[in-house]
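# Fold and geometry: a report
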Amino acid sequence: MSACVPTRNDHSSRGSSPPRASGIKRPHGPPPPRRGSFRVSGADLSASITVFLIAVPMSLGLAVAMDAPLAAGLVSAAIGGIVAGLLGGTPLQVSGPSAGLTVVTAELIQIYGWRTTCAITIGAGLLQVLLGSLKAARSALAVSPAIVHGTLAGIGVAIALAQLHIVLGDTPQSSALENALSLPSHLAKLEPAALFVGALTIFLLIVWPRLPGRLGTALRRIPAALAAVAIATAVAAAATPGIARVDLPSWRSHALPELPHGPVAALATAVFTVMLVASLESLLASVAVDKLAADRSAAGLREGPTPAAPVKRSDLDRELRAQGVANAVSGLVGGLPVSGGAVRSSANVRAGAESRASTVLHGVWVLLAAVLLVTALEWIPLAALGALVMVVGIQMVNFAHIRRVHRHREFLVYGATISGVILAGVLEGVAVGIVVAVAVALHRLARTRITVTEQNDGRYLVAARGQLTFLAVPRLSRLLGKLPQGVDAVVELDGFFMDHAAYETIQDWYAAQTAMGGRIEFTGRSGGRIAEPASAAHSCCRPWTPWRNHHCHDRGEEGTPTTAVPAAHVMSKAATSAAPAGPSSRRHGAHRLLSGLSSFQRTTAPLVREELARLASEGQRPSQLFLTCADSRLVTSMITASGPGDLFTVRNVGNLVPPPDAGGTTGNDDSVAAAIEYAVDVLEVESITICGHSGCGAMQALLGADPETPRTPLWRWLRHGLPSLERMRSRDHSWARIAGRLPTDAVEQLCLTNVVQQLEHLRAHGSVSRRLAAGTLQLHGMYFHVGEAQAYLLTEGASSGTGPDEVFARVAPGAVWSAEPSTEALLTTPGTTVGA
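Residues numbered from 1 in each chain as written. Predicted model: local features only at pLDDT ≥ 70, side-chain atom pairs only at ≥ 80, totals over all residues. Heavy atoms only, no water.

### Observations regarding the side chain of Ser345
Assignment of secondary structure puts Ser345 in helix α13 (residues 342–350). Within polar-contact distance, the side chain of Ser345 engages the backbone nitrogen of Val94 at 2.9 Å. Beyond its immediate chain neighbours, meaning those up to four positions away, Ser345 contacts Leu92, Gln93, Val94 and Val289. (Helix = DSSP H or I, 4+ residues; strand = E, 2+ residues; numbered from the N terminus. Polar contact = N/O pair within 3.5 Å; in protein donor to acceptor, adjacent residues only side chain to side chain. Contact = heavy atoms within 4.5 Å.)

### What about the sheet that holds strand β4 (residues 460–465)?
Across the sheet, which stays open at both edges, the 4 strands sit in the order β3-β4-β5-β6 with mixed pairing between neighbours. Two strands close off the open sheet at either side, each with one partner strand: β3 (449–454) and β6 (519–523). Taken over all neighbouring pairs, the strand axes of this sheet differ in orientation by 15° on average, direction set aside. Two elements, β3 and β4, share 6 bridges in a ladder whose sense is antiparallel. Looking at the pairing, Arg449 lines up with Arg465 of β4. Where helix α20 (residues 473–481) meets the sheet, it contacts β3 and β4, and its direction lies at approximately 5° from that of β3. Helix α21 (residues 500–515) rests against β5 (488–494) and β6 of the sheet, and its axis sits at about 145° to β6. (Pairing = 2+ DSSP bridges. Axes fitted to C-alpha atoms, helices over the stretch in contact; angles between N-to-C directions.)

### What about the pattern of salt bridges?
Counted by the stated rule, this structure contains 8 salt bridges. Across the salt bridge formed by Glu258 and Arg115, the nearest N and O atoms sit 3.9 Å from each other. Remark: Arg115 occurs in helix α4 (residues 114–133) and Glu258 occurs in the loop between α10 (224–239) and α11 (264–300); sequence separation between them is 143 residues. We classify Arg115 as partly exposed; its relative accessible area is 40%. Its salt-bridge partner being Arg633, residue Asp631 comes within 2.8 Å of it at the nearest N-O pair. (Salt bridge = Lys/Arg side-chain N within 4 Å of Asp/Glu carboxyl O. Buried < 20%, exposed > 50% of the residue type's maximum accessible area, 1.4 Å probe, protein only.)

### With respect to helix α12 (residues 316–332)
For α12, built from 17 residues, the straight-helix expectation of 24 Å at 1.5 Å per residue is met to within 8% by its first-to-last C-alpha distance of 24 Å. Taking burial as the measure, the 17 residues of α12 include 12 buried ones, the bulk of the element. Residue Asp315 occupies the N-cap position of α12, its side-chain oxygen lying 3.3 Å from the main-chain nitrogen of Asp317. Phi turns positive, to about 80°, at Gly334, one or two residues after α12. (Expected span 1.5 Å × (residues − 1).)

### Quick look at a nonpolar patch on the surface
Together, Ile434, Val438, Leu442, Leu445 and Phe497 line one region of the surface with nonpolar side chains, adding up to about 420 Å² of accessible area. With a relative accessible area of 41%, Ile434 lands in the partly exposed category. (Patch = residues over 30% accessible without salt bridge, like charges linked within 9 Å, V, L, I, M, F, W, Y side chains within 5 Å. Areas by Shrake-Rupley, 256 points an atom, 1.4 Å probe, with all protein chains shown as cover.)

### Describing the packing of helix α2 (residues 70–87) against helix α14 (residues 357–372)
Relative orientation of the contacting elements α2 and α14 amounts to 155°, with a least axis distance of 7 Å. If you check the angle between α2 and α14, you find them roughly antiparallel. Every pair of crossing elements has a handedness; the one defined by α2 and α14 is left-handed. Across the interface between the two elements, Leu74, Ala77, Ala78, Gly81, Ile82, Gly85 and Leu86 from α2 touch Thr359, Val360, His362, Gly363, Val364, Val366, Leu367 and Ala370 from α14. The residue inventory of the contact of α2 with α14, partitioned by class, reads 10 nonpolar, 5 polar and no charged. (Parallel < 35°, antiparallel > 145°, perpendicular 65-115°, else oblique. Left-handed = near helix turned anticlockwise from the far one by under 90°. Nonpolar A, V, L, I, M, F, W, Y, C, P; charged D, E, K, R; others polar.)

### Some points on the packing of aromatic side chains
By the definition in use, this model includes 5 aromatic pairs. With 5.8 Å between their ring centres and 40° between their planes, Phe648 and Tyr678 make a pair best called tilted. Here Phe648, found in strand β8 (residues 647–652), pairs with Tyr678, found in helix α27 (residues 670–682); they are 30 residues apart in sequence, far enough to count as distant. Under the relative-accessibility criterion, Tyr678 is labelled partly exposed at 36%. Seen in terms of ring centroids, Tyr783 and Phe808 are 6.4 Å apart; in terms of plane orientation they differ by 70°. Their pairing is edge-to-face. Within this pair, whereas Tyr783 is found in strand β11 (residues 778–785), its partner Phe808 is found in strand β13 (residues 805–810), the two being separated by 25 residues in sequence. (Phe/Tyr/Trp six-rings, centres within 6.5 Å; stacked < 30°, edge-to-face > 60°.)

### Overview of the nonpolar core
In this structure, Leu60, Ile120 and Val366 are the most contacted members of the largest nonpolar core, which totals 71 residues. In terms of residue count, the dominant contributor to this core is helix α1 (residues 42–66) (11 residues). Within the second largest apolar cluster, 42 residues are counted, among which are Phe648, Val672, Val685 and Ala736. (Core = buried A, V, L, I, M, F, W, Y, C linked by side-chain atoms within 4.5 Å.)

Put into structure tokens, the structure is as follows:
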């Protein structure tokens, strides 16, 4: 068997791999790229041009908005594309001039001048490299999303206010507040030409992505930013020749950094501010690019015969280091601060980029344009660039983010951060947001409502709303102390946190009441009882398992469940000391069934009674036959999220399907065949799934069997798995694999092969073959890895061997099936559909 079963070997070489003649087949697929190679595909080339066409007007517009040298915008776009593209941990992210740093950079240039601002950019980049080396990137994402989105929204408002002045033909002021206050006076002295060009640019930016018809579909391939600026430039050249335009100075006069001059504390604050905003913007963009790439990869699964490899998550620390190097280089050669941009990155992903080659090439095109297209770029009106950047600023105020923070009751933090950024500055706004977030958290933590109500039956209801911390202990202790001794009470806990002080208070009160004969029951807000194991012997119960109460009750001497003890963090210790000694493990097991039935009648039956009554009157109409192993670890209703009436389930040892002719030769095997016939012909199920699982004892028994094995009933049944064993040993079939990897051992290989073989047995049954020929039945193969709690579905991919490659693809969270019939089962993520 060792020659036929693959084993995982991460250090295997080409020379040590088994020869073709040995019968061992490797998974078919393209060879991995050589380490260090830089390949440029057609998709990367096309995507790089698309991003380049967006980046050039965006870079010039941001330079205008920052009052920086226009060439600096092109320099930073080229450096961001080439340096951050080569070194970054998010290959599809496109870096360039930072929209989030527009306000900060403009203020730094006004205070310290351009050359000192370049030095500050270098310092910020070096600080980013240090933080990335210290693995601090993931920690940056711990900042409240309300603060991050509020900061970006505040910057967007400031950008829009400043660029509005340029669109009106005037010069923006030094702060967002001054821009807002001076706006009425500027409206009185409009420059018609600039207003016309700016309005035309905004109109085109809005309308271009919505152009209808076939012509609109063709035109929409041109980026809206490029189309708007190009058309506005052409109209301005014909209608308003005297309008202010881009003025690119000679590269000989390009300014480089100098040693910074000014107060050390102020310069350090400036470096920290640039680092903070650039890092947050880049890391948030990395997370967004990961999601876009994953969505695109999942959608692309429908196009190819084999499942695509899972999208690798970004290395955020590497990305932060790359952004730092790019900022240091950009500042060194006289460029703007650099960060990952959501607009450019999303365009790169949607344009079909496959690797970092697209990002690097876009930087090369920008560099060539800065050298060769100076004359063409100088025709662009400043009002068109101002309108473009103003729209970008408005888009930074994301209404989806506003709805999200409002739903999570964090709008106060969001609003405070925006106000702080607009009125005081970026770093000050972030500080205001953090202070408000901490204040809101403390308020929620301290706001606890505790009430005591006497009910009609003489029992008391103690309701605690909110988190139970030491701040609530005085009032909690006072109210509990007013209750009579030996009282019957229900304690309703509506909160997710309890600190040690509150725990001790409730535990002491509970112990005192139960010692005086009182009965205390703890519930959640919905009224469901909260139970906890009485000892470590029941530690198998966990709060995340829906069946957690199936044997987690204290029992009295007669085995009947006693009053439930408090939930986690509350009363397990007191219950252990107060409860009588439990029965022996055998007696405990004997009463487990009765306890489970009692729990069902008390808690579950009231919830499902109406649905079961409907099913009882209408009869069963399951849509699926689910044939799986009898292994106790396989909870079919849990892994399929199904309920009463959904599945017609057949379970046997090894999830075996005897061939139709097996009964007459070696014994009666009609039970499974009868279930199949009933499900297919009478119930008319739409699909049949054969589900194997990891660590299957039946497959282990087949592997370990020898010719002298006694022919017991178990062995006579397991003989139906012998074709699976022969299939695995055969040279005529490619090995099944899981999501691109080979099985870890012989048992897993046989478990996978057995699913494929039993599907062949299933197709041989007359009722199944007839429905398959009519196209009204679908067959699925499934493998459930118990240790990973992960389901895999069988797909059939192309093969260079004598048969198809069986690949069990990982089921992603939220995956759905398409309604289109297909012979391939493909998986994807929410928002897309797959063939079954």
